[in-house]
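Spelled out from the first residue to the last, the chains are:
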Amino acid sequence: MTKNVVIFGAPGAGKGTQSAMIAEKYGLKHLSTGELLRAEVEKKSEIGKQIDSYISHGNLVPDEVIINMLSSVLKQNSQTAGFIFDGFPRTTAQAAALKTMLKIHGTEVAVMLNLKVGEDELIKRLLYRGISSGRSDDNYETIQHRIQVYHNDTAPVKDFYVKEGIAVDIDGTGSLNDIFKRICAAMDALA
Ligand code: AMP
C-alpha cells in the first residue's frame, strides 16, 4: 500500500532526523524541500541565488517555486512506494497543491505527524546545530524570524490536516529512539 507521510513541526523539531529513520524503516522516499533548495543554491544558478536570499533571511521561498519543484520531483519518482514530505507543505496553499498533485498520481497523504517541541528547546537545538551545520539560517536572529514565520504561515497547515482527520500529535522531546518509537506507533496504527 502506498503510504505518503507529512512530517510537520517548527524549525528544530527534528523533522529531518526522524524522516531519515522513517524512510529507512518503512521504505519511503525522503523528500526534504530544504535539502532540494540548498542543492539548488550550491549550483549557484540564477534561481539558486534568489533562493539563497530567501533562505538566509529566514523567509519562505514563494509557493509557486516550491510547488513547481515538487511537481517535477513527483513526476520523476512516480514508481515510489510512498514519500515522506519533510519541510513541505509550509503554507495552506502548498497543502492544497500537494493534495491535487497526489490525486493526479492516484494517491494521497495517509498521515501528518506533528512533532511538538517547546520554543526554548527549539532555539537551543538550532543554535547547537549551527555550530556544525554551516547553514546560513542557523544563527540567533534568523532562528527567531524562522520561528515567527512558522507561527504566521506554517502553523495553519496543521488545521488543514486536522480537517482531513489525519493529524497525529507526537511528543518531539526525549531521546531520538523514544521519539522514533512514538512515530512508529502512529505509523503502525495506519490501516
Ligand atoms: P528546512 O531545511 O526545512 O529548515 O528549510 C530551510 C529553509 O528553506 C526555510 O527556512 C525556507 O527558507 C526554505 N524552505 C524549505 N521548504 C520550504 C517550503 N516548503 N516552502 C517555502 N520555503 C521553504
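Every chain's residues receive numbers from 1 upward, in the order its sequence appears when written. Restriction of local features to residues with pLDDT of at least 70 applies here, the model being predicted, together with a cutoff of 80 or more for giving and counting side-chain atom pairs; totals for whole chains, interfaces and linings are based on all residues. In computing side-chain values, all of the structure's heavy atoms are included and hydrogens and water are not.

Enquirer: Mind laying out the overall build of the protein chain, listing which residues take part and the relevant values?
Expert: Per the secondary structure count, the protein chain includes nine helices and five strands. Note on conventions: DSSP H or I runs of at least 4 residues are helices, E runs of at least 2 residues are strands, and numbering of each starts at the N terminus. Each helix (α) and strand (β) of the protein chain, taken in turn from the N terminus, gives the series β-α-β-α-α-α-β-α-β-α-α-α-β-α. In terms of overall dimensions, the protein chain is globule-like: its C-alpha atoms have a radius of gyration of 16 Å, near the 16 Å expected for 191 residues. Projected onto its principal axes, the C-alpha coordinates of the protein chain cover approximately 45 × 40 × 30 Å. Remark: exposure states derive from per-residue accessible area (1.4 Å probe, protein chains only) relative to the maximum for the residue type, with buried under 20%, exposed over 50%, and partly exposed in between. Counting every position in the protein chain, which comprises 191 residues, the buried fraction comes to 42%. Only heavy atoms matter for contacts: two residues are in contact if any of them lie within 4.5 Å across the pair. Counting only contacts in the protein chain whose residues sit at least 6 apart along the sequence, the fraction spanning at least 24 positions is 74%. Only C-alpha atoms enter the radius of gyration; for comparison, a globular chain is expected to reach 2.2 Å times N to the power 0.38, where N is the number of residues.

Enquirer: How would you summarise the site of the ligand if you had to cite specific residues and measurements?
Expert: Lining the immediate environment of the ligand, one finds 16 residues, of which Thr 33, Arg 38, Asn 59, Gly 87 and Gln 94 sit closest. With the chains in place, 96% of the 480 Å² that the ligand exposes on its own is no longer accessible. A cutoff of 4 Å decides nearness: a residue is near a molecule or strand if any of its heavy atoms lies inside that distance of it. Only the protein chains shown count as cover for residues, with accessible areas throughout obtained via the Shrake-Rupley method and a probe of 1.4 Å.

Enquirer: I'd love a proper account of helix H6 (residues 119-133), names of residues and values included.
Expert: Here H6 spans 20 Å end to end across 15 residues, near enough to the 21 Å set by a 1.5 Å rise per residue. Here H6 has its buried residues at Leu 122, Ile 123 and Leu 126. Down the axis of H6, the buried side of the element spans an arc of 95 degrees, and every buried residue falls inside it. The outward face of H6, more than 90 degrees from its buried face, is lined by the exposed residues Asp 120, Lys 124, Tyr 128, Ile 131 and Ser 132. As for H6, its buried residues are in contact with helix H7 (140-154). Here, expected helix span is obtained from the residue count minus one, scaled by 1.5 Å. Think of the arc as the fan of directions from the helix axis to the C-beta atoms.

Enquirer: Break down the packing of aromatic side chains for me, citing the residues and quoting the values.
Expert: Any Phe, Tyr or Trp ring, taking Trp's six-membered ring, that has another such ring centre within 6.5 Å forms a pair; planes under 30 degrees apart are called stacked, those over 60 apart edge-to-face, and the others tilted. On inspection of all chains with the given rule, the structure shows four aromatic pairs. Centroid distance Phe 8 to Tyr 150: 6.0 Å. Interplanar angle 45 degrees. Geometry classified as tilted. One end of the pair, Phe 8, is in strand S1 (residues 4-8); the other, Tyr 150, is in helix H7, and 142 residues separate them in sequence. Residue class for Phe 8 comes out buried when judged on its relative accessible area of 2%. An aromatic cluster is defined as three or more aromatic residues linked by ring pairs; in this entry it consists of Phe 83, Phe 85 and Phe 88.

Enquirer: Break down the pairing of strand S4 (residues 109-116) for me, with residues and values.
Expert: Of all eight residues making up S4, six are buried, and the element is well covered by its neighbours. In this description, strands pair whenever DSSP reports at least two bridges between them. Bridge count between S4 and strand S5 (residues 167-171): five bridges; the pairing is parallel. If you follow Met 112 over to S5, its bridge partner there is Ala 167.

Enquirer: With reference to specific residues and values, describe the environment of Ile 143.
Expert: Tracing the backbone through its elements, the reader meets Ile 143 in helix H7. A relative accessible area of 0% means that Ile 143 is categorised as buried. Expressed as a C-alpha distance, the spacing of Ile 143 and Tyr 26, which sit 117 residues apart in the sequence, is 31 Å. The residues touching Ile 143, leaving out its near neighbours within four places in the chain, are Ile 123, Leu 126, Leu 127, Asp 137 and Asp 138.

Enquirer: Account for the nonpolar core, with residues named and values stated.
Expert: With 52 residues, the main nonpolar core has Ile 22, Phe 85, Leu 113, Tyr 161 and Ile 183 as its most contacted residues. Here the element with the most residues in this core is helix H9 (residues 176-188); it accounts for six residues. Buried Ala, Val, Leu, Ile, Met, Phe, Trp, Tyr and Cys residues that are joined via side-chain atoms within 4.5 Å together make up what is termed a nonpolar core.

Enquirer: Mind laying out the sheet that holds strand S3 (residues 83-86), listing which residues take part and the relevant values?
Expert: Read across the sheet, five strands follow the order S2-S3-S1-S4-S5 without closing on themselves; strand pairing throughout is parallel. Looking at strand neighbours, the two that pair on one side only are strand S2 (29-32) and S5, the edges of this open sheet. Each strand axis lies, on average, 20 degrees off the axis of its neighbour in the sheet, ignoring direction. Here four bridges tie S2 to S3, and the two strands are oriented parallel to one another. Pairing of His 30 across the sheet is with Ile 84, part of S3. Packing of H9 onto the sheet brings it into contact with S1, S4 and S5, and relative to S5 it is tilted by some 160 degrees. Axis geometry follows a simple rule: fit a line to the C-alpha atoms, using only the stretch in contact for helices, then measure angles between N-to-C directions, giving values from 0 to 180 degrees.

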